[in-house]
Amino acid sequence: ARRQVKLINQLLPGLVDRITEEGEGYQQARRAFNVLLGYHADAMRLAARFVGGVYVHRDHKGDPNARPPYVIVEADRQREAFMLVREEALGLDSYEFPPELYNHLASSKWSHWGVDRLDRTDYPVHELMLQWQDRVLGQLLSTTTLERLLDSEVKVPADQDAFTAAELIEGLTATVFAELEGLPGGKHTNRKPAISSLRRSLQRRYLERLSLMAMGSTSAPEDCRTVAYAELAGLEARIKKALAGRGRLDTYTRAHLEESLARIGKVLDAQLRLARP
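Report on the accompanying structure. Since the structure is predicted, the reported quantities are computational estimates derived from the model, not experimental observations.

## Comments concerning the nonpolar core
Next up, step 1: Membership of the largest hydrophobic core comes to 72 residues, with the highest contact counts inside it found for F33 and M129.
Next up, step 2: The element best represented in this core is helix α3 (residues 27–48), accounting for 10 residues.

Spelled out as structure tokens, the structure:
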């Protein structure tokens, strides 16, 4: 996955010029860009599978160097994979491409059998970038992944290291809302916001997933539900601190944080009400 991501990052610069011949349109550039994004997604999906992963063996009793049927993926290996996903798919600079690239991703005007009709001919940046990121979030926060992480805490001896579900959720929150750790002071503008539009989209989607988990609206284990509740409470405090900071926030960032704060407050209140007899 690391090699594939490195190769993709080397291919993206200058893609339009390399793929488009003189006298041709830019439709091939769009196809090539989408292909590279697809390979990037495959790499992220592969890496994410190590989180909560289990090695499966078919060794028989009495075989030389026989292994157990199931072995939990090493904690360090899971952390390595998780860090790769955080850096490449969910980090501050993930899926940030030069504006001029997007403006050269032309769609085909041909209408014939086997070609889907597009609602928009220009490139839907926010929709597609969030789509790739949400797929990674969906895999990491799937019931199967969370259940296996919780089970691994029992299956791994207590004196050995284990990658936990709590570590996963805390790590995701820290990555997705990394801006809250230190919003720069000074004046921000709507053209140079404190939190970019792509990051705001990701934060809203993660907040939605975390809220559903905290309210028990998913099939996530109960321990994960309580951790999600604690993460929301922590986010509430951090957002309040960010809004009260000295820096002058742009309209987009302030509106985003205020709405997120209101949503979190309703979820925390709803969770408490549901928990009452």
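## Structural notes on the pattern of salt bridges
Next up, step 1: Under the defined criterion, the tally for this structure stands at 15 salt bridges.
Next up, step 2: We note a salt bridge from E181 to R238, for which the minimum N-O separation is 2.9 Å. Taken as a pair, E181 in the loop between α8 (165–176) and α9 (197–214) and R238 in helix α10 (residues 222–243) lie far apart in primary sequence, 57 residues in all.
Next up, step 3: Owing to a relative accessible area of 60%, E181 belongs among the exposed residues under this scheme.
Next up, step 4: Residue R238 is classed as partly exposed on the basis of its relative accessible area, which comes to 22%.
Next up, step 5: In this structure, E208 and R205 form a salt bridge, with 3.6 Å as the shortest nitrogen-oxygen distance. Within this pair, E208 and its partner R205 are both found in helix α9, separated by three residues, close to a single helical turn.
Next up, step 6: Looking at R205, the relative accessible area reads 27%, which means it is partly exposed.
Next up, step 7: The network of salt bridges with shared partners includes D76, R79, D161 and E167.

Basis of the calculations
- In every chain, residue numbers begin from 1 and rise along the written sequence.
- Local features are withheld for residues below a pLDDT of 70 in this predicted model, meaning they are given only at 70 or higher, and side-chain atom pairs are given and counted only at 80 or more; totals for whole chains, interfaces and linings count all residues.
- Water and hydrogen atoms play no part in the side-chain values, which are based on all heavy atoms of the structure.
- For our purposes a nonpolar core is just a set of buried Ala, Val, Leu, Ile, Met, Phe, Trp, Tyr and Cys residues, chained together by side-chain atoms within 4.5 Å.
- Only protein chains enter the accessibility calculation, which uses a 1.4 Å probe; a residue is then buried when its area is under 20% of its type maximum, exposed when over 50%, and partly exposed in between.
- Labels follow the DSSP assignment, with helices taken as runs of H or I lasting at least four residues and strands as runs of E lasting at least two, numbered in each case from the N terminus.
- For salt bridges, the criterion is a side-chain nitrogen of Lys or Arg within 4 Å of an Asp or Glu carboxyl oxygen.

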